[in-house]
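Fold and geometry: a report
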Amino acid sequence: MDIIVRENYEEMSEYAAGVIGRFVRNKPYCVLGLATGSTPIGTYRRLIKMHREGLDFSKVVAFNLDEYIGVGINLDVPYEVDQSYARFMHEELFSHINVKKENIHIPDGLTKDPAGFCSWYEEEIKRAGGIDLQLVGIGGDGHWGFNEPGSSLASRTSIQALSPQTLSDNYESFYKKAGVERDKMPHFAITMGIGTILDSKNILMIASGVNKADVVAKCIEGPVTSQITSSAIQLYAGGVTVALDKAAASKLQNLQHYIHIERLKEEYGMG
Ligand code: F6R
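Right, let's walk through the structure included here. (Residues numbered from 1 in each chain as written. Predicted model: local features only at pLDDT ≥ 70, side-chain atom pairs only at ≥ 80, totals over all residues. Heavy atoms only, no water.)

1. Structural notes on the site of the ligand
How we decide: Here a residue is considered near a molecule or strand provided that any single heavy atom belonging to it is located within 4 Å of it. N or O atoms within 3.5 Å of each other form a polar contact, as long as, within protein, one can give a hydrogen and the other can take it, and as long as residues adjacent in sequence are counted only when both atoms are side-chain atoms. Surface accessibility follows the Shrake-Rupley procedure with a 1.4 Å probe radius. Residue values consider only the protein chains on display as shielding. Three classes are used: nonpolar for Ala, Val, Leu, Ile, Met, Phe, Trp, Tyr, Cys and Pro, charged for Asp, Glu, Lys and Arg, and polar for all others, with Gly counted as polar.
Contacts to the ligand come from 13 residues, most closely from T36, T39, D66, H143 and K212. In this structure, S38 approaches the ligand through a main-chain N or O atom, which is 2.8 Å from an oxygen atom. Between an oxygen atom of the ligand and a side-chain N or O atom of H143, the distance comes to 2.7 Å. Across the complex, the protein chains shield 93% of the 410 Å² of accessible surface that the ligand would expose by itself. Class assignment of the residues belonging to the shell around the ligand gives a composition of three nonpolar, eight polar and two charged.

2. A word on the packing of helix 2 (residues 40-52) against helix 3 (residues 85-92)
How we decide: Angles run from 0 to 180 degrees between N-to-C directions of axes, and those axes are lines fitted to C-alpha atoms, restricted for helices to the stretch in contact. Secondary structure elements are defined from DSSP: runs of H or I of at least 4 residues count as helices, runs of E of at least 2 residues count as strands, and each element is numbered from the N terminus. Our angle categories are set so that under 35 degrees counts as roughly parallel, over 145 as roughly antiparallel, 65 to 115 as roughly perpendicular, and the remainder as oblique. Note on contacts: a residue pair is in contact if any heavy atoms of the two residues lie within 4.5 Å.
Two elements in contact, helix 2 and helix 3, have axes separated by 10 Å at closest approach and are oriented at 40 degrees. Here helix 2 lies oblique to helix 3, going by the angle between them. Counted together, I41, Y44, R45 and I48 of helix 2 and F88, M89 and E92 of helix 3 form the full contact between these two elements. Here the contact of helix 2 with helix 3 is built from residues that sort into five nonpolar, no polar and two charged.

3. Overview of the pattern of salt bridges
Going by this rule: Salt bridges, as used here, are contacts in which a Lys or Arg side-chain nitrogen is within 4 Å of a carboxyl oxygen on Asp or Glu. A simple rule labels every residue: compare its accessible area, found with a 1.4 Å probe on the protein chains alone, to the largest value its type can have, and call it buried under 20%, exposed over 50%, or partly exposed in between.
With the rule as written, the count across this model stands at 18 salt bridges. R6 is the salt-bridge partner of E262, the closest N and O atoms lying 2.9 Å from each other. In this pair, E262 is assigned in helix 9 (residues 255-267) and R6 in strand 1 (residues 2-6), connecting sequence segments 256 residues apart. With a relative accessible area of 14%, E262 lands in the buried category. Each of the salt bridges in this network shares a partner with another, and the network as a whole consists of E10, E14 and R46.

4. Structural notes on the sheet that holds strand 4 (residues 66-68)
Counted only if it meets this: Only strands that DSSP links by at least two bridges are regarded as paired with each other.
With antiparallel pairing, three strands are arranged side by side in an open sheet as 4-8-7. Pairing within the sheet leaves two strands with one partner each, and these edge strands are strand 4 and strand 7 (158-161). Neighbour-to-neighbour, the strand axes of the sheet open up by a mean angle of 30 degrees, direction not taken into account.

5. Describing the pairing of strand 6 (residues 133-136)
Neither face of strand 6 is open: one carries L133 and L135, the other Q134 and V136, and all of them are buried. As judged from the three bridges shared by strand 6 and strand 9 (residues 202-207), these two strands associate in the parallel manner. Bridge pairing in strand 9 links L135 to L204.

6. Thoughts on helix 4 (residues 114-127)
Here is the rule we go by: The span expected for a helix works out to 1.5 Å for each residue beyond the first. What the arc covers is the set of directions going from the helix axis to the C-beta atoms.
Here helix 4 is 14 residues long and its end C-alpha atoms lie 20 Å apart, about the 20 Å a rise of 1.5 Å per residue gives. Every buried residue of helix 4 is accounted for by F117, C118, Y121, E122, E124 and I125. Angularly, the buried residues of helix 4 cover 160 degrees about the axis, an arc narrow enough to put them on a single face. Helix 4 presents A115, K126 and R127 as exposed residues on the side facing more than 90 degrees away from its buried surface. Two residues or fewer after helix 4 comes G129, characterised by a positive phi angle close to 100 degrees.

7. Considerations on helix 9
The end-to-end C-alpha distance of helix 9, which contains 13 residues, comes to 18 Å, matching closely the 18 Å that a straight helix rising 1.5 Å per residue would cover. Of the residues making up helix 9, those classed as buried are L255, Y258 and E262. Within helix 9, the buried residues cover an arc of 65 degrees as seen down the axis, which keeps them to one side. Projecting away from the buried face of helix 9 at angles above 90 degrees are the exposed residues Q256, R263 and E267. Those residues of helix 9 that are buried are in contact with strand 1, helix 7 (213-221) and helix 8 (246-249).

What follows is the structure, encoded as structure tokens:
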């Protein structure tokens with residue numbers, strides 16, 4: 001696991017965008033797994049900038065981690081009403097880069113057949129050749145996607161109920177600002193499973209802020225447990241990078257060791 005610590009959110013975002021940008025440059029026909037939430041916004045802004053400077057997304061295939069049940073993209077509806085992740089992706093990234101519409105996959109929160117949709121999504125990822133690089137954030141309760149405490153670490157794409165903490169976090173980050181009443185928030189989501197995420201060939205996890213410090217430490221240094229579903233990162237066999245700002249890294253017991261390893265890798269040209 002490469003644990004990269006940067007001074008602040010901006011530098012962490014710069015680093016994460018650099019990883020994704022290099023990946024796309026080296027493998028134009030790649031399959032990217034993408035996340036929503038507050039954390040990736042800075043990364044996406046930098047990717048948009050890279051695109052304006054020439055980074056080509058025309059061959060990229062994208063799969064998003066998750067979507068609330070009961071919402072879906074409708075660009076005729078004002079943002080306050082449509083808090084879908086589809087709309088988020090459209091506004092924060094897709095409408096600013098040259099990814100092809102037919103290459104974008106976001107779970108359909110309006111599907112009439114959620115279980116059928118979940119199986120189809122898994123198949124679609126396989127048909128695309130699997131995810132080359134999956135970007136993930138980490139929830140306050142340790143989740144990846146919406147795999148809340150108690151979800152199986154082998155889970156596949158499925159419907160999950162949001163935990164009280166996720167409801168509260170997402171209300172504060174998005175719904176409150178949009179003036180949506182708390183009890184009108186969706187309580188369920190379609191999410192890639194932990195098993196689905198672990199099938200990716202590379203994982204890039206990002207986290208920022210002191211509010212994430214405890215959960216980041218549990219994820220990376222605590223026991224592997226379904227109570228912190230992102231702790232499955234410790235069992236992951238592919239290439240994994242965790243990009244943190246100093247605040248999010250502040251509770252890591254072995255922080256100095258991770259910083260030392262990064263310096264060594266740089267020194268020996270292994271970064
Ligand atoms: C979003 C997602 C979630 C978020 C997590 C962190 O697609 O799957 O797991 O990554 O809740 O959200 P923020 O970045 O808002 O703290």
